[in-house]
Amino acid sequence: MPRTSPSVALDAMLAGNRRFVAGTPDHPNQDAARRAQLAPGQEPFAVILGCSDSRLAAEIIFDQGLGDLFVVRTAGHVLGAEVLGSVEYATSMLGCRLVVVLGHDSCGAVAAARAAVEDGLPAAGFVRDVVERVTPSVLAARAAGLSEDSDIIDEHIRHTVQLLMDRSRVLSEQVQTGEVAVVGLAYQLAEGNARLVTSHGVESTE
């Protein structure tokens, strides 16, 4: 996709997801010609901060191809300096116009954080660091009286989006000027659809 606006980028993502759900994907930009075209450099139109879950392959569920998406994945889409730097690199150096935080139902990181909060079950090793970064979302959901898994997942997506905006001055300024938008999407594993949870700087026209 040529350089575009945040709203067009979001609509392209959602349109690709509808094709995936319907079982009629285009599989764009996945041939030898595209591979050769991209060899000198890349110009992805969106950066995805997604959960590392093996069922959450962004290029597949949004029906995109080589060079379309800049993908950063961590368990529970938790944030650290490396993630923030990667997102800033994508928007500032590669020209991505859209940042997507991609969460999903049945998230193991959220389940582990919920178990730690509700049952006092601590995680071992470095998994504990992931759980600790998800815990504020679980606590915020509880404080709001939310107990359904889907509501807690949505809260964690909103929390991650807000952390991106709060911690990255670069990103927040790009959103303020209309250069970049940040959205949170919730993916449903069984149905395959991605639902808009929160947005900064764009509203989908889909």
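Please refer to the structure higher up on the page.
Here's a quick rundown of the structure. (Residues numbered from 1 in each chain as written. Predicted model: local features only at pLDDT ≥ 70, side-chain atom pairs only at ≥ 80, totals over all residues. Heavy atoms only, no water.)

Okay, the overall build of the protein chain next. Summing up its helical and strand segments, the protein chain has eight helices and five strands in all. In sequence order, the protein chain lays out its α and β elements as α-α-β-α-β-α-β-α-α-α-α-β-β. Taking 206 residues into account, the globule formula puts the C-alpha radius of gyration at 17 Å, and the protein chain, at 17 Å, falls close to it. For the protein chain, the spread of C-alpha atoms along the principal axes amounts to about 55 × 40 × 35 Å. Residues counted as buried form 48% of the 206 residues belonging to the protein chain. Partitioning the contacts of the protein chain with sequence separation of at least 6, the portion at a separation of at least 24 is 70%. Surface accessibility of the protein chain: about 9800 Å² in total, with carbon and sulfur atoms responsible for 52%. (Helix = DSSP H or I, 4+ residues; strand = E, 2+ residues; numbered from the N terminus. Rg over C-alpha atoms; globule rule 2.2 N^0.38 Å. Buried < 20%, exposed > 50% of the residue type's maximum accessible area, 1.4 Å probe, protein only. Contact = heavy atoms within 4.5 Å. Areas by Shrake-Rupley, 256 points an atom, 1.4 Å probe, with all protein chains shown as cover.)

As a further point, take the side chain of H156. By the element assignment, H156 lies in helix α7 (residues 149-167). Here the side chain of H156 touches G76 through a polar contact of 2.8 Å, landing on its backbone oxygen. One polar contact links H156 to S137, side chain to side chain, over a distance of 2.8 Å. Not counting residues within four places of it along the chain, the set of residues in contact with H156 comprises G76, H77, V110, V134 and S137. (Polar contact = N/O pair within 3.5 Å; in protein donor to acceptor, adjacent residues only side chain to side chain.)

Everything listed is a geometric property; what it means functionally is a separate question.
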